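# A closer look at the structure
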Amino acid sequence: MWISPVRSDARHLCCFYIVFALSIFFAPTIAFADANFDGQTQQIDEKITVFGKTLPYYATKQPRAYSYLDQTQLNLIAAPLTLSEYLNSLPSVYLQASQNFSQDERISIRGFGAQSSFGIRGIQILVDDVPHTLPDGQSQLDGLELQNLASIEVLRGPASALYGNSAGGVIKINTQVPDDDKLALKLTKGSFDTEQAYLYANKHYDTVNVGVSVSHTQKQGYRDHSEYEKSAINGHLDWQVLPQWLLRVNSQYIDSPIAEDAGGLTREQADSEPTAARDRNVSFQAGEEVKQQKHTLASRYQFDDSNQLNAQFYYFDKDFNNRLPFSAGGQVELARQFYGTNVQYATSNWFSHYQTQVLLGANLQYQDDKRRRYDNLDGGIRGDLALSQQELIDSSALYAQVSAQPSTQWLIDLGLRYEHNRVEVKDQYLVDGDQSGERNWDNSSANLGSSYQLTDDNLLYATISQSFQIPTTTELANPNTGDITANGGFGGGFNPDLDVESAINYEIGFRGELTAAHRYDLALFYIDISDAISPYFKDDSLDEITYYRNAGAATRQGVEVSSQHQFGSHFSWENQYSYSDFSYDSYSTPQGDYSGKTQPGTPRHKGASQLLYQNDNDLSINLELLYVGDRYTNNSNTETADSYWLTNAGVSQALVFEPLSLSLSLTVNNLFNQYYDDNIRINAFGGRYYEPGPERLFMFTLAATL
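Our subject in this report is the structure included herewith. (Residues numbered from 1 in each chain as written. Predicted model: local features only at pLDDT ≥ 70, side-chain atom pairs only at ≥ 80, totals over all residues. Heavy atoms only, no water.)

### What about the environment of Q599?
Put simply, the rule reads: Here a helix means four or more residues in a row that DSSP labels H or I, a strand means two or more in a row labelled E, and each is numbered from the N terminus. Between buried and exposed lies partly exposed: a residue is buried under 20% and exposed over 50% of the maximum accessible area for its type, with that area taken using a 1.4 Å probe on protein chains only. Two residues qualify as a contact provided that any one of their heavy atoms is within 4.5 Å of a heavy atom in the partner residue. Two N or O atoms form a polar contact when they lie within 3.5 Å of each other; inside protein one atom must be a possible hydrogen donor and the other a possible acceptor, and for residues adjacent in sequence the pair counts only when both atoms belong to side chains.
Within the secondary structure layout, Q599 lies in the loop between β32 (592-593) and β33 (605-614). Judged by relative accessible area, which is 4%, Q599 ranks as buried. Once residues within four sequence positions are removed from consideration, Q599 is found in contact with A554, T555, R556, F582, S583 and Y584. Engagement of the side chain of Q599 in a polar contact is seen with the backbone oxygen of T555, the distance being 3.5 Å.

In structure tokens, the structure reads:
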């Protein structure tokens, strides 16, 4: 029986602000003198890289806002199911749909990616230096091995000069590479019939390291019609061919036979019965099945101490079947191939008077989607063919990045990029005429940043950077084909009116240490956006396809604050707060004029606080508080999703019986049973904006390492 959770109160937000301010200004006075972050700073400086090449200057001096999570922080999540469990506490990083595995996680950084109707767009994602963002700007994380992560770095702001299309922000993920033999098993059982098993084996030879993992995850889900199941096999081989030459091969296969979509609800439906699925999602059996394989090869060749050549080659193959909650064209069959290469030459000290790194690179990518749509009959039965087309997307780019230190205190970054993007559609369903066509874009991007070390422990920086986003193949769905049921077909081709979104980011920041045990980070940004891509629906009850159009202009401005505190050797405390003011400057549509309205989908206020206790007997206890403010659900700002507070707690105990190590963990999410909306479907037809998040959730994990 569902028990109505409590709703948040504005007074709690005031309390959070007060606690956060106290954490920054007064915590140093009660610190223990022996606590410091020197070890973590050194680790960040050593590990943050650009496509595998260690930067020639301290990474903490880079003139941009970034967040870094090391392996110790990542290990606090005993049984991760989604990336949001790691990233949701970072400033200006907002994640949704963590419980809808059919829609996939939606990630936004400073508003980039918030307009996606499903999955990830507007953000570049790299795993072990290999791009997981397609040439059209969509990112896919179906196969991310969450149990084996070494670090995550998030660049909070546009970075297309180095990373290209769809780089409103960047998430760089590194997986673990053990340097000795290892056998690990992890078993998890949790609420809503959640079960997960993970097995990893690694063998280290003289110059070769081989690792294989298998995993299986299944759950019934909090809401009706939200069952999910996935199995995965991952393998990696690292070969030190020569002392100066390293090769790494990765292969992966995943099979997700079921990921049901419970759909969006109206406000009244979500309040009265949050566990319910939308009736049409059940009757049309909305959901997806995915099979995917990935193969990558990375090479690093060190000519000498100052010159290095890096290269990555990658291939993805994905078979995807999706059922949507409507009839006409409601079943999607997609066969996708994606492959590419990235080559970089890095050299340092070109200029004898400055410590300098020059990075020269070239990137080629190709995406081939064979898409068919069929009518979706009641019960999820496949009907007649409604669309058949091949979508070809390719990109080619040249880029350069220069980092120079005129002095030990002063750093300058300059980046330039030229990229050509081409999208072609070959219509193979000619009942409604030939909708074949091609779109081409030439995009250039630049960034200029500088940082200055005011003291040994405090740094001031400023940067100007650009980003661009071409429309994804999903966003290019053609709305200009008249009645969706005309000629018994579904509109093919691409939307000829949808153009590239571009942005210029202006940012200043200040970070450093108040004492050795207390660190802070402050960033202020202003982003000017042209032709922002925004979703909409037609005024037609038979047509529930999400279409996209360009808004005239938009502005995003905000503040990001974070602090870290170490109290003695056992306690640490982290806090973050972000303020986001995102609005349309000019945006007029047939449905209304939205100029001056707030952009929907992101909270104006977001904050988090985490307290961690770790003792000498391997006992770990962590408590996390997350606040998400009100979010508008549509462009007209007529309806909002309420703010909410979530409290998550975890306790783990490690036991060592040489050579065997055991760990027992208990995680409780949404400790106080707070009602909240886990996902907002922006501008959804019929006001079905809301996907309620789960009630209190327990996860118990047993891990063994040999």
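The structure having been displayed, the exposition proceeds.
### Notes on the pattern of salt bridges
Spelled out, the test is: The working definition used for a salt bridge is a side-chain nitrogen of Lys or Arg within 4 Å of a carboxyl oxygen of Asp or Glu.
Inspection of every chain in the model, using the stated rule, returns 24 salt bridges. Where R323 meets E289, a salt bridge forms, and the shortest distance between an N and an O atom there is 2.8 Å. With R323 in strand β18 (residues 307-323) and E289 in strand β17 (residues 287-304), this residue pair connects regions lying 34 residues apart in the sequence. Within this structure, R110, R156, E507 and E560 form a network of salt bridges that share partners.

### Considerations on the sheet that holds strand β11 (residues 170-175)
Here is the rule: When DSSP finds at least two bridges between two strands, those strands are taken to pair.
Read across the sheet, 5 strands follow the order β3-β10-β11-β7-β8 without closing on themselves; strand pairing throughout is mixed. Looking along the sheet, the strands with just one partner apiece sit at the ends: β3 (66-69) and β8 (130-131). The pairing of β3 with strand β10 (residues 149-155) spans 4 bridges and is antiparallel. What sits directly across from Y66, in β10, is L155.

### So, the pairing of strand β14 (residues 208-219)
With burial as the criterion, only one face of β14 is covered, namely that bearing N209, G211, S213, S215, T217 and K219; the residues V208, V210, V212, V214, H216 and Q218 on the opposite face remain uncovered. By the bridge criterion, 10 bridges tie strand β13 (residues 194-204) to β14 in an arrangement that is antiparallel. Counted as the bridge partner of Y200 is S213 from β14. As paired elements, β14 and strand β15 (residues 228-242) share 12 bridges and run antiparallel to each other.

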